[in-house]
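Here is what each chain is made of, one letter per residue.
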Amino acid sequence: MGGANDSSPSSKLHTRLRLWEFPDRYVFEPIDGLADLYLSANRSDGSMNLVEELPPRDSSTKPKCQTVYGVIGVLKLSVGSYFLVITGRDCVGSYLGHAIFKVTGLKVLPCSNSRSTSGNQSKMETEFSELLHAAEKTIGLYFSYDINLTLTGYIILVMSSNHFRFGDSWTSTCCQSFKANIHAEVGSEKVNVTLIARRCTRRIGTRMWRRGADPEGYAANFVESEQIMESKGFTASYVQVRGSIPFLWVQIVDLTYKPSFDIVRQEEAPRILERHFHDLQKKYGAVLAVDLVNTHGGEGRLHDRYAKSIEPILSEDIRYVHFDFHRICGHIHFERLSQLYDQIEDYLKKHRYFLLNGKGEKIEEQTGTIRTNCVDCLDRTNVTQSMIGGKILENQLQRIGVLGVNDTISNHPAFDAKYKVLWANHGDSISTQYSGTPALKGDFVRYGKRSTQGILNDLWNSLARYYLNNFADGTKQDAMDLLQGHYIISVSRDMAGPSKAGLLENYASFRLAFALVMGALMFMMMSLRQARNDVRHLVLSLLWAGLCIGITHFVRANGRVFTNRPRISCVDFSRICPAAST
């Protein structure tokens, strides 16, 4: 975002622009009074320049016109350039006194009038158009015209996408994140709590399609969560992070509910893990790694490799704690997380939190963070992070005298309820961005206990994740890679996926197979309920069970024929265009 904090008019971001779509160019006209110049972009090659007036208009041109609220950047691809503009926004509150907006609409403006008749060129244009259409549906993007949302109270995390800039007045830095706050009274004092999550773009992706870390140590689904408390003139902040287990491992989508984990180049795990934690130390100071995965099965192999690889770098500043969440807490006894807190309480007290008094003077500083992971870094992780956040908040409120020494948040039901909802919404937002559904176990975070409805919701969300992982996230991953500059394509390869002739080609699809499986499961459950009193329903339920098994085998044998086009390799953008790297 560069000089957005500068108060000079020339560096202020334009808050509203009129987009004119002429036959040969796009023209962005500021309508917020901040400048008199227009930004003109050539629709043939994407070249840009500032002009002093609009092109002449007459009855023959009839340019389209709409209001936009910012330019995110320009993608330069082999088939042309594409502008990404913000067409919708909602003000969702403020951060340190500055308005924060959520992107509610995106539009891609192509700058390519290629006349090539090449078959490969046409296929590439079609493929890129599909991916950019998917990119327009990106959720969870936030921005501010006044401040850089990638900044915490005391450290900088560069999370914004790599993109071309045409001056700080024209391009807005967007951060895929979550932001919400609550206002409540604790006793006689007013308390404001803000929760901000920032997703790292270094290894951004979707569940199962992005796992582990890359060779440089950047972890998938790495998210920084900052909790800010304001009360009695004091401002406090606490930062914790989550991220995939930081070495090379993958989980290949193969239509099974839980695909197996493959650890890649195991001998490199210690080096990659060391680099990851070295980067964390530079940003946060000390690091306590909380590992929540199981000790058996596929998760057990990940745990064993993690524990063995981190051992050489353990020190006073790097600690590792394993807590088998499922074995200890099961599906309903999440209050047993107190056992984990007992293990990390000394660390939390030693490394404290960031605290300013009413005069803006720093009286406490956070000198370390907690890094939490499970497999997805969603459900178990969010439950655990909410517990840690609650303990820190209690300590802060006790420190400034809002709570008594032995008082707790749970003793103030109205505030406690709002605070739990805040963390539940935080978990749902991160989960939706990564997996496509709200977080599991969200009822405990939201209400402090498990419920039958919550368990049923988890079942439905699990089925939805299965569908999205197998049938939708491949295209979504490619769209993310395209926006990040990690997507490359060989024009010599066949762009069309394999196909089979006949009835299967016309009617079979992943969505149809999935619908049949879900329908079979539903009717099987209904039949099983009736089977207790009716032999006929027992026979029917067995038939439905057989149908489920048959469809599953069919999809696994033939499903890949009907998947989206084959995924392609990704590379580091800096190797292609070093000048665009941040």
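Residues numbered from 1 in each chain as written. Predicted model: local features only at pLDDT ≥ 70, side-chain atom pairs only at ≥ 80, totals over all residues. Heavy atoms only, no water.

With an unreviewed UniProt entry as reference, the protein chain is termed SAC domain-containing protein, source organism Oryza nivara.

Another aspect to go through is the packing of aromatic side chains. Per the counting criterion, the structure on display carries 6 aromatic pairs. Arranged with centres 5.1 Å apart and planes meeting at 70°, the rings of Tyr306 and Tyr320 form a pair that is edge-to-face. Highlighted residues: Tyr306 in helix α3 (residues 297-310) and Tyr320 in strand β17 (residues 318-322), separated in sequence by 14 residues. Between Phe325 and Phe334 the ring centres are 5.2 Å apart and the planes differ by 55°, which places this aromatic pair in the tilted class. Summarising the burial analysis for this pair, Phe325 and Phe334 share the class buried. Lys391 extends its terminal NZ or CZ atom over the ring of Tyr341, reaching a point 4.8 Å from the ring centre. (Phe/Tyr/Trp six-rings, centres within 6.5 Å; stacked < 30°, edge-to-face > 60°. Helix = DSSP H or I, 4+ residues; strand = E, 2+ residues; numbered from the N terminus. Buried < 20%, exposed > 50% of the residue type's maximum accessible area, 1.4 Å probe, protein only. Lys NZ or Arg CZ within 6 Å of the ring centre and 35° of its normal.)

The next thing to look at is the nonpolar core. Leu340, Ile344, Ile370, Leu397 and Phe415 are the most contacted members of the largest nonpolar core, which has 54 residues in total. Here the element with the most residues in this core is helix α7 (residues 413-435); it accounts for 7 residues. When near neighbours in sequence (up to four residues on either side) are disregarded, Ile370 contacts Tyr238, Gln240, Val241, Leu288, Val290, Ile344, Tyr347, Leu348 and Ile388. Val239, Val241, Val293 and Ile310 belong to the second-largest nonpolar core, a separate cluster that totals 24 residues. (Core = buried A, V, L, I, M, F, W, Y, C linked by side-chain atoms within 4.5 Å. Contact = heavy atoms within 4.5 Å.)

Pairing geometry for strand β16 (residues 286-291) and β17, over 5 bridges, is parallel. Bridging across to β17, Val290 finds its partner in Val321. A crossover connection joins β16 to the parallel β17 through α3; in handedness this β-α-β unit is right-handed. (Pairing = 2+ DSSP bridges. Right-handed = clockwise from strand over helix to strand, strands pointing away.)

The next subject is the sheet that holds strand β4 (residues 48-51). One open sheet accounts for 5 strands, arranged β4-β3-β2-β1-β5; its pairing is antiparallel. Lying at the two open borders of the sheet, with one neighbouring strand each, are β4 and β5 (64-68). Recorded for the sheet is a direction-independent mean angle of 25° between the axes of neighbouring strands. Bridging between strand β3 (residues 38-42) and β4 involves 4 bridges; their strand directions are antiparallel. By the bridge assignment for β4, Ala41 is matched with Met48. (Axes fitted to C-alpha atoms, helices over the stretch in contact; angles between N-to-C directions.)

Before going further, it helps to examine α7. Owing to its 3.6 residues per turn, the α-helix brings residues three or four apart onto one side. Here α7 contains 23 residues, and its C-alpha end-to-end distance of 32 Å stays within 8% of the 33 Å for a straight helix at 1.5 Å per residue. Of the residues one or two after α7, Gly436 is the one with positive phi, at around 95°. (Expected span 1.5 Å × (residues − 1).)

In the contact formed by helix α6 (residues 379-399) and α7, the axes pass within 10 Å of each other and the chain directions differ by 140°. When the interaxial angle is binned, α6 and α7 end up oblique. Considering only the axes of α6 and α7, their crossing is right-handed. Two secondary-structure elements touch here, α6 through Asn382, Gln385, Ser386, Gly389, Gly390, Leu393 and Leu397 and α7 through Phe415, Tyr419, Trp423, His426 and Gly427. (Parallel < 35°, antiparallel > 145°, perpendicular 65-115°, else oblique. Left-handed = near helix turned anticlockwise from the far one by under 90°.)

Before going further, it helps to spend a moment on the pairing of strand β12 (residues 223-231). Along β12, 8 of the 9 residues are buried, which leaves the element largely enclosed by surrounding structure. Strand direction decides the pairing type here: strand β11 (residues 189-199) and β12, joined by 8 bridges, are antiparallel. If you follow Leu195 over to β12, its bridge partner there is Gln227. Here β12 runs beside strand β13 (residues 234-242); their pairing, made up of 9 bridges, is antiparallel.

A separate point is the pattern of salt bridges. Applying the stated criterion across every chain, the model contains 21 salt bridges. The partner of Asp324 in a salt bridge is Arg327, and the shortest N-O contact between them spans 3.9 Å. Asp324 sits in the buried class, given a relative accessible area of 3%. In this structure, Lys349 engages Glu345 in a salt bridge whose closest nitrogen and oxygen atoms are separated by 3.1 Å. You can see Lys349 and its partner Glu345 sitting in helix α5 (residues 338-351), 4 residues apart, about one turn around the helix. For Lys349, a relative accessible area of 46% translates into the label partly exposed. Glu345 gets classed as partly exposed once you look at its relative accessible area, which sits at 25%. One salt-bridge network, in which partners are shared between bridges, spans Arg198, Glu224 and Glu226. (Salt bridge = Lys/Arg side-chain N within 4 Å of Asp/Glu carboxyl O.)

Turning to unusual backbone geometry, a few remarks are in order. Its identity as a non-glycine residue notwithstanding, Met208 has a phi of 75°, on the positive side. Note on placement: Met208 falls in the loop between β11 and β12. On the basis of relative accessibility, which here comes to 6%, the residue Met208 falls in the buried class. Phi is positive for Arg265, which is not a glycine, with a value near 45°. Summarising the element assignment, Arg265 is placed in the loop between β15 (261-263) and α2 (269-284).

In this section: the side chain of Ser40. Mapping Ser40 onto the fold places it in strand β3. Overall, Ser40 belongs to the buried group, its relative accessible area being 4%. Aside from chain neighbours lying at most four places away, what touches Ser40 is Arg25, Tyr26, Val27, Ser47, Met48, Asn49 and Val51.

One can find Arg198 in strand β11. Engagement of the side chain of Arg198 in a polar contact is seen with the side chain of Glu226, the distance being 3.0 Å. (Polar contact = N/O pair within 3.5 Å; in protein donor to acceptor, adjacent residues only side chain to side chain.)

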